[in-house]
Amino acid sequence: PVGGQPKISPPHNPPPPTPPGPPAGRRELAELVGDIASRPMDRDRPLWEMSVVEGLDDGKVAVVSKYHHAAVDGITGANLMMHLCDPEPGVTKTVPEDEWRPEPKPSDWQMLAEAVVKFPTRAGIVGMLPKTVGVVAGFAQRRRENKAGMAIPFSAPRTPFNLAITPHRAVAFTDAELDAIKEIRSAFGVKVNDVVLTVVAGALRAYLAERDELPDRSLIASVPVSVHESTRHTAGVNKVSTLFARLGTDVADPAQRLREVAENNRGAKEEHEAMGADFLQDWSKYAPPNTFRLAARMYSSLKLAEMHPVVHNLVVSNVPGPPTPLYFLGVRVDGMYPFGPVFHGAGLTVTVLSHNDKLNFGFIACKELVPDIAALADAVPGVVAELLSAARKSG
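Computed from a predicted structure; not experimentally measured. (Residues numbered from 1 in each chain as written. Predicted model: local features only at pLDDT ≥ 70, side-chain atom pairs only at ≥ 80, totals over all residues. Heavy atoms only, no water.)

Draft legend 1. Region of the structure containing the overall build of the protein chain. Regarding its fold elements, the protein chain presents 10 helices and 10 strands. Split into buried and exposed, the 395 residues of the protein chain put 39% on the buried side. Counted over contacts in the protein chain with a minimum sequence separation of 6, partners at least 24 positions apart contribute 75%. As presented, the protein chain carries roughly 22,500 Å² of accessible surface, and 59% of it is formed by carbon and sulfur atoms. (Helix = DSSP H or I, 4+ residues; strand = E, 2+ residues; numbered from the N terminus. Buried < 20%, exposed > 50% of the residue type's maximum accessible area, 1.4 Å probe, protein only. Contact = heavy atoms within 4.5 Å. Areas by Shrake-Rupley, 256 points an atom, 1.4 Å probe, with all protein chains shown as cover.)

What follows is the structure in structure tokens.
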């Protein structure tokens, strides 16, 4: 913090490798970020860390922030970074007089007593059953009609990145002009999120086609949806639901792909709203943590993700960011590139953050499943140019 000396504890993990010989470029920085993302976090310390990377092109400095998703979701993480920045240079921050201290670790007896007190709330699961039956019945009805060709979980085609993941990560990042995205949106009468999904779809189509691995059926993305403004739950910072979106990777024409993505998204949003913002969070309250952790470990060790149909191919998240320039310790922020978690069976995640006049794309994947992730990022400018050309021709 500015205005005081931070307390620095020796790291429990070995420091990450430094970029090879300054000045280092985007590829070298991406390799370093992948190494940082691959290291497990120390569970005996707060589940966040920051690394400062010097020696980049043009004298730039990168700050790599890493948070465990159990504590921070995309919206919360973006808000946190904005709170660490300033709208103008020259702002001096002061250290609060009262030092924050964590609550003491509870004893076994305290946790047992808390479990006993909270046990009656577990009975609420009975009340969830009628609602769940209604939601499932609604799903079945919409699936029978399925006029918009909406995405159906467990129906995604298998790709090379839909396998069990390893601990190793690879990242890449790129930019797109926000004005170009808005021009495409206006020309086709769609949402910015529709354009973002179509751009990601175009990059995936080019990547898989070049490797002769493009499925005949459309890839399906899991799209996180923030419910911070609509949920009734006040505790916690992870307030995220999800919907499933067809990406139209089986459609060659970019304009037609965008129209189909937009139409499918409208149906998916209606379905998500019918389910309600709190449905998944309501059920999560009744999941015994120890049982859930044991099941997750068994799912991982047995590589069960490779034995059942693919739920979804990847995660694509679009997070709204600051529309104005930001400064970090007096230095203007050139870009804020987000990277989300990857999962067994879905070893690729694309996160997009709007910042000032750009969209910052962050690609993260299991290194073994997507060995050339930079090719995905490199495809984005060409896809945006194709869509922009189609938008101007349509006008």
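Draft legend 2. Looking closely at the confidence of the model for the protein chain. For the protein chain, per-residue confidence averages 81 on the pLDDT scale, and residues scoring 70 or more make up 74% of the total. Within the model, the stretch residues 1–12 combines pLDDT values under 50 with 15 contacts to residues more than four positions away or in other chains. For the stretch residues 230–234, pLDDT sits under 50, and the model shows 12 contacts to residues farther than four places along the chain or on other chains. (pLDDT = per-residue confidence, 0-100.)

Draft legend 3. Molecular detail of the pattern of salt bridges. All told, the structure shown has 8 salt bridges when counted by the stated rule. A salt bridge links Arg39 to Glu49, with the nearest nitrogen and oxygen atoms 3.4 Å apart. Placement of Arg39 in the loop between helix H1 (26–38) and strand S1 (48–53) and of Glu49 in strand S1 is noted, with a sequence separation of 10 residues between them. A salt bridge links Arg211 to Glu210; its shortest N-O distance comes to 3.9 Å. Assessed through its relative accessible area of 67%, Glu210 is described here as exposed. (Salt bridge = Lys/Arg side-chain N within 4 Å of Asp/Glu carboxyl O.)

Draft legend 4. A look at a nonpolar patch on the surface. A cluster of nonpolar side chains, contributed by Trp48, Met50, Val52, Val61, Val63, Leu80 and Leu84, occupies part of the molecular surface with about 600 Å² of accessible area. Mapped by element, the contributors of at least two residues to the nonpolar patch are S1 and helix H2 (74–84). Considering every element that reaches the nonpolar patch, the biggest residue donor is S1, with 3 residues. Here Val52 falls in the exposed class, since its relative accessible area comes to 60%. (Patch = residues over 30% accessible without salt bridge, like charges linked within 9 Å, V, L, I, M, F, W, Y side chains within 5 Å.)

Draft legend 5. Looking closely at the nonpolar core. Grouped together as the largest cluster of nonpolar side chains are 69 residues, with contacts concentrated most on Ile184, Leu204, Leu314, Phe361, Phe363, Ile373 and Leu376. Among the nonpolar cores identified, the runner-up in size contains 8 residues, and Ala78, Cys85, Leu326 and Met336 belong to it. (Core = buried A, V, L, I, M, F, W, Y, C linked by side-chain atoms within 4.5 Å.)

Draft legend 6. Structural detail: helix H10 (residues 374–394). In this model H10 runs 31 Å from its N-terminal to its C-terminal C-alpha over 21 residues, within 8% of the 30 Å that 1.5 Å per residue would give. Of all the bends in H10, the greatest reaches close to 30° and is centred on Val380; the proline Pro381 follows between one and four positions later. By the burial criterion, the buried members of H10 are Ala374, Leu376, Ala377, Ala379, Val380, Val383, Val384, Leu387, Leu388, Ala390 and Ala391. (Expected span 1.5 Å × (residues − 1). Bend = angle between axes of the 7 residues up to and from the residue.)

Draft legend 7. Spatial organisation of the pairing of strand S6 (residues 314–319). Taking burial as the measure, the 6 residues of S6 include 5 buried ones, the bulk of the element. Bridge count between S6 and strand S9 (residues 348–355): 5 bridges; the pairing is parallel. Residue pairing across strands places Asn318 opposite Val352, the latter belonging to S9. (Pairing = 2+ DSSP bridges.)

Draft legend 8. Up close: unusual backbone geometry. Positive phi outside glycine occurs at Asp212, with the angle close to 60°. Of note, Asp212 is situated in the loop between helix H6 (192–210) and strand S4 (220–226). Notably, Asn356 is not glycine yet its phi reads approximately 60°, a positive angle. Turning to its location among the elements, Asn356 is positioned in the loop between S9 and strand S10 (358–366).

Draft legend 9. Layout of the packing of H6 against H10. In contact at an axis separation of 8 Å, H6 and H10 are set at 120° when each is read in the N-to-C sense. The orientation of H6 with respect to H10, classified from their angle, is oblique. At the point where H6 passes H10, the crossing takes the right-handed sense. Touching Thr198, Val199, Gly202, Ala203, Leu204 and Tyr207 of H6 are Ala375, Leu376, Ala379, Val380, Val383, Val384 and Leu387, all from H10. (Axes fitted to C-alpha atoms, helices over the stretch in contact; angles between N-to-C directions. Parallel < 35°, antiparallel > 145°, perpendicular 65-115°, else oblique. Left-handed = near helix turned anticlockwise from the far one by under 90°.)

Draft legend 10. Structural detail: H6. Between its first and last C-alpha, H6 extends 27 Å over 19 residues, near the 27 Å set by a 1.5 Å rise per residue. Count one or two residues on from H6 and you reach Asp212, which has phi positive near 60°.

Draft legend 11. Representation of the environment of His168 within the structure. Mapped onto the secondary structure, His168 falls in the loop between helix H4 (125–145) and strand S3 (169–177). Judged by relative accessible area, His168 falls into the partly exposed class, the value being 39%. For the pair His168 and Glu368, spaced 200 residues apart in the sequence, the C-alpha separation amounts to 7.4 Å. Sequence-distant contacts of His168, defined by excluding residues within four places in its chain, comprise Ser38, Ala365, Cys366, Lys367 and Glu368.

Draft legend 12. A look at the environment of Asn162. Take Asn162: it is sitting in the loop between H4 and S3. Judged by its relative accessible area of 0%, Asn162 falls in the buried class. Along the sequence, Asn162 and Phe343 sit 181 residues apart, while their C-alpha atoms lie 9.1 Å from each other. Not counting chain neighbours up to four residues away, the residues in contact with Asn162 comprise Pro157, Val310, His312, Asn313, Gly345 and Ala346. At 2.8 Å, the side chain of Asn162 and the side chain of Asn313 are in polar contact. (Polar contact = N/O pair within 3.5 Å; in protein donor to acceptor, adjacent residues only side chain to side chain.)

Draft legend 13. Region of the structure containing the packing of aromatic side chains. Under the criterion given, the structure shown has 1 aromatic pair. In this structure, Arg211 packs its charged tip against the face of Tyr207, placed 3.8 Å from the ring centre. (Phe/Tyr/Trp six-rings, centres within 6.5 Å; stacked < 30°, edge-to-face > 60°. Lys NZ or Arg CZ within 6 Å of the ring centre and 35° of its normal.)

Draft legend 14. Region of the structure containing the side chain of Thr198. Summarising the element assignment, Thr198 is placed in helix H6. On the accessibility criterion, Thr198 (0% relative accessible area) is buried. Leave out the neighbours within four places in its chain, and Thr198 touches Pro254, Arg257, Leu258, Val261, Val383 and Leu387.

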